[in-house]
Amino acid sequence: MPRITEERREARREQILDAARACLLEHGLEAVSMEMIIARSGLSTGAVYRYFKGKDEIIGAAVLATSREIGVAFAPILAGPSAGLPAQLVEKLLEAWVSYSLSGVGPAAGVDRMPVALHGWSYAQTDPDVKAALRASMRGFRERCAPLVKRWQAEGVVAAGADPDAVAQLMLSISLGFVAQRSLTGDADAASHAGALAALIGTAT
């Protein structure tokens with residue numbers, strides 16, 4: 001029997017994680033079972049257990065994968081020369097979140113993965129390793145925002161006396177709040193957030 005390639009191995013792993021995300025969205029964190037995840041994945045029981053020992057390991061891996069993938073999506077926006085004004089940056093970040101949430105394939109095709117983040121944040125409260133990883137990711141986001149805040153201060157967009165880390169905390173809160181609001185109400189919009197922020201701080205979008 002030919003050996004499975006690393007690419008195929010990773011694709012199967014992602015297939016299982018997306019199955020778990022779909023099940024979380026449909027059934028909630030407590031009700032999801034290993035049997036549900038296996039059935040949704042379309043793989044055999046043995047195949048799934050070759051990758052993960054059980055439900056908790058799958059959910060933890062799904063939460064961490066989402067955090068990493070969002071970080072990858074945010075990285076060029078935060079590091080690029082065209083981050084723009086605060087409202088423009090916020091719109092780009094929120095659009096990246098929406099794009100990621102609708103990018104599922106296989107078991108998660110057509111599933112909005114953003115509400116699954118709420119389950120992931122809840123799960124992280126019971127898993128110290130996942131919680132620590134999410135905390136590090138969020139702190140990393142703030143650290144990448146701080147240089148942009150200093151640039152805005154130099155350009156006169158943000159008050160010179162503002163604490164860059166405090167502004168970075170606010171940027172993170174906007175992103176997390178958008179995820180929560182869109183997941184719960186279904187109608188939060190990236191452009192509306194950007195326009196409202198621009199109006200509040202008196203800058204153009």
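The structure we're discussing is the one just above.
Within every chain, residues take consecutive numbers counted from 1 along the sequence as written. Local features in this predicted model are restricted to residues of pLDDT 70 or higher, and side-chain atom pairs are both shown and tallied only at a pLDDT of 80 or more, whereas totals for entire chains, interfaces and linings draw on every residue. Excluded from the side-chain calculations are hydrogens and water; all other atoms, namely the structure's heavy atoms, are used.

S.K.: What am I meant to see in the overall build of the protein here?
M.R.: Of regular secondary structure, the protein possesses 9 helices and 0 strands. Helix and strand labels come from DSSP, where a helix needs a run of H or I of at least four residues and a strand needs a run of E of at least two; each type is numbered from the N terminus. In sequence order, the protein lays out its α and β elements as α-α-α-α-α-α-α-α-α. With respect to the three principal axes, the spread of C-alpha positions in the protein is 65 × 35 × 30 Å. Counting only residues that meet the buried cut, the protein has 44% of its 205 residues in that class. In the protein, the share of contacts with a sequence separation of at least 24, taken over all contacts with a separation of at least 6, comes to 60%. Only the protein chains shown count as cover for residues, and the accessible areas themselves come from Shrake-Rupley with a 1.4 Å probe. Total accessible area on the protein stands at roughly 10,500 Å², and carbon and sulfur atoms take up 56% of it. For the purpose of counting charges, residues Lys and Arg are taken to be positive, whereas Asp and Glu are taken to be negative. His and the chain ends are not included. Every charge is mapped onto a representative atom, which is NZ of Lys, CZ of Arg, CG of Asp or CD of Glu. Put simply, the protein has 21 plus and 22 minus side-chain charges, and the middle of one group is 5 Å from the middle of the other. Burial classification: accessible surface area is computed with a 1.4 Å probe over protein chains only, and a residue below 20% of its type maximum counts as buried, one above 50% as exposed, and the rest as partly exposed. Should any heavy atoms of two residues lie within 4.5 Å, those residues are counted as being in contact.

S.K.: Hey, could you run me through the pattern of salt bridges in this one?
M.R.: Opposite charge on two side chains permits pairing when their charged atoms draw close. One side-chain nitrogen of Lys or Arg within 4 Å of one carboxyl oxygen of Asp or Glu is enough to make a salt bridge. Summed over the entire model, instances satisfying the criterion amount to 9 salt bridges. For E6, the salt bridge is made with R9, and the minimal N-O distance between the two is 3.6 Å. Taken as a pair, E6 and R9 lie in helix α1 (residues 6-27) at a separation of 3 residues, close to a single helical turn. The class of E6 is exposed, set by a relative accessible area of 57%. Accessibility expressed as a relative area gives 35% for R9, which makes it partly exposed. Linking E155 and R151 is a salt bridge whose minimum nitrogen-to-oxygen distance equals 3.6 Å.

S.K.: Help me understand the packing of α1 against helix α4 (residues 55-79) in this model?
M.R.: A packed helix pair is summarised by two numbers, namely the angle formed by the two axes and the spacing between the axes. Every axis in this analysis is a line fitted to C-alpha atoms, fitted for helices over the stretch in contact. Angles between the N-to-C directions lie between 0 and 180 degrees. Between α1 and α4, the least distance of the axes is 9 Å, while the angle of their chain directions is 100°. Compared by their axis directions, α1 and α4 come out roughly perpendicular. Each of R13, E14, I16, L17, A20, R21 and L24 in α1 lies in contact with α4, whose residues at this interface are I58, I59, A61, A62, A65, T66 and E69. A per-class count over the contact of α1 with α4 returns 9 nonpolar, 1 polar and 4 charged. Orientation categories follow fixed angle ranges, with anything under 35 degrees roughly parallel, anything over 145 roughly antiparallel, 65 to 115 roughly perpendicular, and all other angles oblique. Each residue receives one of three labels: charged for Asp, Glu, Lys and Arg, nonpolar for Ala, Val, Leu, Ile, Met, Phe, Trp, Tyr, Cys and Pro, and polar for the others, Gly being one of them.

S.K.: Can you walk me through the nonpolar core in this structure?
M.R.: Note on soluble globular proteins: their nonpolar side chains tend to be buried together. As used in this record, nonpolar core signifies buried Ala, Val, Leu, Ile, Met, Phe, Trp, Tyr and Cys residues forming a set joined through side-chain atoms within 4.5 Å. Residues F74, L78, L89, W97 and F141 are the most contacted members of the largest nonpolar core, which totals 33 residues. Of all elements in the fold, only α4, α5 (86-101), α7 (128-154), α8 (164-185) and α9 (190-201) reach the threshold of two or more residues within this core. Broken down by element, this core gets its largest block of residues, 8 residues, from α5. Counting residues in each nonpolar core, the second largest holds 27 residues, with C23, I37, A124 and L134 among its members.

S.K.: What's the story with helix α6 (residues 116-124) in this structure? I'm lost.
M.R.: Since the α-helix turns once every 3.6 residues, residues separated by three or four places project in the same direction. Turning to α6, its buried residues number three or more, namely V116, A117, G120, Y123 and A124. Down the axis of α6, the sector holding all buried residues measures 115°, keeping them to one side. Where α6 is buried, its residues contact α1, α4, α5, α7 and α8. In this description, one arc is meant: the one made by directions from the helix axis to the C-beta atoms.

S.K.: Mind showing me how you'd approach the environment of E155 here?
M.R.: Summarising the element assignment, E155 is placed in the loop between α7 and α8. Here E155 falls in the partly exposed class, since its relative accessible area comes to 48%. Residues E155 and L78 lie 77 residues apart in sequence; the distance between their C-alpha atoms is 17 Å.

S.K.: What should I look at first to understand the environment of E14 in this one?
M.R.: Tracing the chain through its elements places E14 in helix α1. Sequence spacing of E14 and A62 is 48 residues, and the spatial spacing of their C-alpha atoms is 8.5 Å. Those residues in contact with E14 that sit more than four places away from it in its chain are R21, E69 and R113.

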